[in-house]
Amino acid sequence: MHSKYLSFLRISEEVIEVEQELIELQKHVSAQGILVQDLISGVCRELEVWNKQSSEEPDAELDPQISELDELLHADKEDPKVTFLQTVDVLLAERKIEEALLALEAEERNYPELNDLGENPSVESSSYKTAFLERKAVLVDQLVGICEQPSVCIAELKKASSGLVKLGKGSLAHQLLLKAYGSRLHKSIEAFLPSCSIYSETYTATLSQLVFSTISLITKESGLIFGDAPTYINRIVQWAECEIESFVHLVKEISPSPETASALRSASICIQASLSHCSILESQGLKFSKLLMVLLHPYIDEVLDMNFRRARRKVLDLAMDEDEVLLSPREGGPLTVAAPSNIMFTNSGKKFMFIVKDLLDQLTSMAILHFGGTILNKLLQLFDKYVETLIKALPGPSEDDNLMEQKESIIFRAETDAQQLTLLGTAFTVADELLPMAVSKIFSPQSESKEAGGGSSEGIGPVAISTVEYKDWRRHLQHSLDKLRDHFCRQYILTFIYSREGKARLDARMYLEGKGEDLFWDSDPLPSLPFQALFARLQQLATVAGDILLGKEKIQKILLSRLTETVVMWLSDEQEFWDVFEDDSVQLQPSGLQQLILDMRFIVEIAVCGGYSSKNVHQLVSAIITRAIGTFSARGIDPQSALPEDEWFVDAAKSAISKLMLETSGSEESEPDEHIAIHDEISDSDETPTSPSTVESTESFASANMGETDGPVYFTDTES
């Protein structure tokens, strides 16, 4: 401003000089007009004198010419129509548009025939009307020129448009008004475009403000100048729709890369700002919300899809983190759980939630309102991908072969019980607590509703997603968790059942007379050795779970219940196991049937005593016992004489559990009756015992949700 100050002063002085010259020129024109008038008067007087002198000898040839000249001179002097036309010509020449417009309006009021389209106008009125319309057309051209000037101000534009309306050119005036406002809008957008790269997230809000504020302004001005005629309103709507289409196209054209967080943020802000402006325009009778969403929907879908693809790649990268192998105390973060965490817990779970939070933080309330269902579905897909990475981190039954064939290298492998349970606990915490909590914030009635401006003030949740949809979403999360849990249980039980050489430890030959070293029977019956080992394995896993999954009794019980169910399902479905009994070359004995039924009752009592018994286990055990009785009966074994009462098997199974617990308790001095009493109480109630215990105490297994242990027990010997 300082650098141009001297130029500004110089131009101001020149303007003053020009104004003075114009004033002098006006005075000169007035003087010349007076001179011409005097000249005409003098000529008329001279002609009159000359006529008197030559009246005695009239010239027949000159009389008509003199008479015609005299008529013209007197007509110019006296005819008001000629005077009016001369006055209008002067006003038009001096571009005094307002005065010329007032003069034309006054003349039309004085001479209504100027607007009369009669079929037989007189010659005199026709010539005057033609001259009048010519002056009127000149004025129209001048007003059009003002409207078409690129630098015309709003006030001048409004005056010119009003003048055209008064001259009967309302349609033309409205077109020029729309064109002028469109030109000003495009100039404003062009001036802002260089700044879009600087404001990569908020540029859409500025563009939206420019476009929709112009639409609002022209609607108001049109109403003031042209009224509420439907023709003009329809033109505004058509013009506004074209400008909105150009706006959306421009947003797409200068948008950042669709997979970046900036693109998601700018798209969300675009929806927020544009719909807020649309709600304001609705008060003016203009509804563009549907059109805007139709135009923006493909673009928003693309940005959401690309951003969630980027998020899925980040989730896959979690499995490539070498630090996941190490264990360390939990660091502060969003995963607030009452369990000693390791880096797998804090890194995997926390990083996943950071990925989710990074996505959700980019969204505005209007984006959630209109794309809530899509966002939830993509969050489900993201969690499914996270579960897949956790499944890959768990060892499988044919792990070595699969590992060589995998295209992507999985650096971290959860080998110990503690690491595997930590994976499950992390997934459970994310699906059951953290992810629903994050979603509930953006879908809550209070979320950003105040920031919506003119947008909907209704709660996001009830509008964006129904209760049924939300329940389906939670159910799908649970299905993903079930897939992870079932994979863990399957590989855990298969690792127990099969040795490294691929031989099954649960071999049906141990139920044949004199076959198999695992068969053990006396007056104080115990389950087969593989089931005793299973009992010890589940007991130690329950202890580790009580420490790793402290405070998560629900997942502990579900996990242990599913493990026992997996064992029973394997026995039920393994045909090789049953082929041994159906082989006619082997001899069956009643003691084998008795031992098999005791083993099945023992599994049931393990679940009952642990507080995680399920109907599925009971049904599967009953089916196995029924099948075994039928198989042995077909081979000539009478179950009525060979089998004791059902109560005998239940009591024997409970007694075996108490005895095995006493043996593992080592130096602890406690009576068997006390342990039996404890287990009876647990089997009748789902409540967790509250008495203190050590790692190897009775109640550390009896309740899957116990956490009062001195430290975790890492059971990794698959051969035991």
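Residues numbered from 1 in each chain as written. Predicted model: local features only at pLDDT ≥ 70, side-chain atom pairs only at ≥ 80, totals over all residues. Heavy atoms only, no water.

### Considering the overall build of the protein chain
Formally: The secondary structure listing takes helices from DSSP runs of H or I that are at least 4 residues long and strands from runs of E that are at least 2 residues long, numbered from the N terminus. Pairs of residues are marked as contacts when any of their non-hydrogen atoms sit within 4.5 Å. Here the Shrake-Rupley method, with its probe set to 1.4 Å, supplies the accessible areas, and only the displayed protein chains count as covering residues.
In terms of helices and strands, the protein chain carries 26 helices and zero strands. Across the protein chain, every contact between residues at least 6 apart in sequence was considered, and the portion connecting residues at least 24 apart equals 74%. Of the roughly 37300 Å² that the protein chain leaves accessible, carbon and sulfur atoms contribute 53%.

### Structural notes on the packing of helix H7 (residues 170-192) against helix H9 (residues 230-253)
Rule in force here: To get an axis, fit a line to the C-alpha atoms, keeping to the stretch in contact for a helix; angles then go from 0 to 180 degrees between the N-to-C directions. Angular relationships are summarised with four words: roughly parallel below 35 degrees, roughly antiparallel beyond 145, roughly perpendicular across 65 to 115, and oblique for the angles in between. Each helix crossing is assigned a hand: it is left-handed if the near helix lies turned anticlockwise from the far helix by less than a right angle, otherwise right-handed if that turn is clockwise. Gly is put with the polar residues, along with every residue not named as nonpolar or charged; the nonpolar set is Ala, Val, Leu, Ile, Met, Phe, Trp, Tyr, Cys and Pro, and the charged set is Asp, Glu, Lys and Arg.
Where H7 meets H9, the closest approach of the two axes is 11 Å, and the angle between their N-to-C directions is 20°. As far as their axial angle goes, H9 and H7 are roughly parallel. Considering how the two elements wind past one another, H7 and H9 form a crossing that is right-handed. Contacts between H7 and H9 involve Gly-170, Ser-171, His-174, Gln-175, Leu-178, Tyr-181, Gly-182, Leu-185, His-186 and Ile-189 from the first element and Tyr-232, Arg-235, Ile-236, Trp-239, Glu-243 and Leu-250 from the second. The residue inventory of the contact of H7 with H9, partitioned by class, reads eight nonpolar, six polar and two charged.

### Let's talk about the pattern of salt bridges
Using the following cut-off: Salt bridges are defined by distance alone: a side-chain nitrogen of Lys or Arg within 4 Å of a carboxyl oxygen of Asp or Glu. To sort residues, take the accessible area from a 1.4 Å probe on protein chains only and compare it with the maximum for the residue type: under 20% means buried, over 50% means exposed, and anything in between is partly exposed.
Applying the stated criterion across every chain, the model contains 22 salt bridges. Its salt-bridge partner being Lys-96, residue Glu-94 comes within 3.1 Å of it at the nearest N-O pair. One salt bridge in this structure joins Arg-309 and Asp-305, with 3.1 Å as the shortest N-O distance. Of this pair, Arg-309 and Asp-305 are both found in helix H11 (residues 289-318), four residues apart, which corresponds to roughly one turn of the helix. A residue is classified by how much of its surface remains accessible, and Asp-305, at 22% relative accessible area, is partly exposed. When salt bridges that share partners are traced, they join Asp-482, Arg-485, Asp-486, Arg-562 and Glu-565 into one network.

### Remarks on helix H18 (residues 529-548)
Since there are 3.6 residues in each turn of an α-helix, residues three or four apart along the chain are aligned in direction. To keep things clear, this is the line we draw: A helix is expected to reach a length of 1.5 Å times the quantity of its residues less one.
With 20 residues, H18 should cover 28 Å at 1.5 Å per step; its first-to-last C-alpha distance of 28 Å lies within 8% of that length. Where burial is concerned, most of H18 is hidden: 17 out of the 20 residues are buried.

### Comments concerning the nonpolar core
Applicable threshold: By nonpolar core we mean a set of buried residues, namely Ala, Val, Leu, Ile, Met, Phe, Trp, Tyr and Cys, connected to one another through side-chain atoms within 4.5 Å.
Core analysis: the largest hydrophobic core is formed by 182 residues, its most contacted members being Ile-215, Phe-352, Phe-383, Leu-421 and Phe-531. For this core, the leading source of residues is helix H13 (residues 365-393), giving 16 residues. Apart from the residues lying within four places of it in its own chain, the contact partners of Leu-421 are Phe-488, Leu-541, Val-544, Ala-545, Ile-548, Leu-549 and Leu-559.

### What to know about the confidence of the model for the protein chain
Definition in use: Across the chain, each position has a pLDDT score giving the predictor's confidence in that residue, from 0 to 100.
On average, residues of the protein chain carry a pLDDT of 78, and 76% of them reach 70 or more. In this model, residues 398-408 is a region of pLDDT below 50 whose contacts with residues beyond four sequence positions or in other chains number four contacts. Note that residues 445-464 has pLDDT below 50 and, in this model, 37 contacts with residues that lie over four places away or in other chains.

### Here we look at the side chain of Ser-268
In this fold, Ser-268 is placed in helix H10 (residues 261-282). Sequence-distant contacts of Ser-268, that is, excluding residues within four places in its chain, are made with Gln-362, Leu-363, Thr-364 and Ala-367.

### Side note on the packing of aromatic side chains
Let me state the cut-off plainly: We call Phe, Tyr and Trp rings a pair once their centres come within 6.5 Å, taking the six-membered ring for Trp, and we label the pair stacked below 30 degrees between planes, edge-to-face above 60, and tilted otherwise.
Enumeration according to the criterion identifies 17 aromatic pairs in this entry. On the basis of an interplanar angle of 20° and a centroid distance of 4.5 Å, the ring pair of Phe-352 and Tyr-386 is categorised as stacked. With Phe-352 in helix H12 (residues 343-360) and Tyr-386 in helix H13, this residue pair connects regions lying 34 residues apart in the sequence. Looking at Phe-352, the relative accessible area reads 0%, which means it is buried. Under the relative-accessibility criterion, Tyr-386 is labelled buried at 0%.

### Describing the packing of helix H6 (residues 154-166) against helix H8 (residues 203-226)
Interaxial distance between H6 and H8 falls to 10 Å at its minimum, and their mutual angle equals 40°. Considered as vectors, H6 and H8 are oriented oblique to each other. Crossing of H6 against H8: the hand is right-handed. Within the contact between the two elements, H6 uses Lys-158, Ser-161, Ser-162 and Val-165 and H8 uses Glu-221, Ile-225 and Phe-226.

### Topic: unusual backbone geometry
A positive phi angle, close to 55°, is found at Arg-95, a residue other than glycine. Within the fold, Arg-95 resides in the loop between helix H3 (80-93) and helix H4 (97-110).

### A closer look at a nonpolar patch on the surface
Rules: Residues enter patches when they are more than 30% accessible in relative terms and free of salt bridges; like-charged ones are connected within 9 Å and nonpolar ones (Val, Leu, Ile, Met, Phe, Trp, Tyr) within 5 Å.
A cluster of nonpolar side chains, Tyr-5, Leu-6, Phe-8 and Leu-9, forms an exposed patch at the surface whose accessible area comes to about 450 Å². With respect to the element layout, Leu-6 can be found in helix H1 (residues 5-53).

### As for the side chain of Thr-631
Note on placement: Thr-631 falls in helix H22 (residues 615-634). Classification of Thr-631 as buried rests on a relative accessible area of 11%. With sequence-adjacent residues up to four places away left out, Thr-631 is seen in contact with Trp-578, Phe-581 and Glu-582.

### What to know about the environment of Ala-431
Its location among the elements puts Ala-431 in helix H15 (residues 417-442). Separated by 48 residues in the primary sequence, Ala-431 and Phe-383 place their C-alpha atoms 8.1 Å from one another.

### Comments concerning a negative patch on the surface
The cut-off we apply is this: The positive count covers Lys and Arg only, the negative count covers Asp and Glu only, and His and the chain ends enter neither. Think of each charge as sitting on NZ of Lys, CZ of Arg, CG of Asp or CD of Glu.
On the surface, a cluster of negative charge is contributed by Glu-576, Asp-579, Glu-582 and Asp-583. Here Asp-579 shows up in helix H20 (residues 575-582).

### What about the environment of Cys-196?
For Cys-196, the position within the fold is in the loop between H7 and H8. In contact with Cys-196, other than residues within four places in its own chain, are Tyr-203 and Ile-254.

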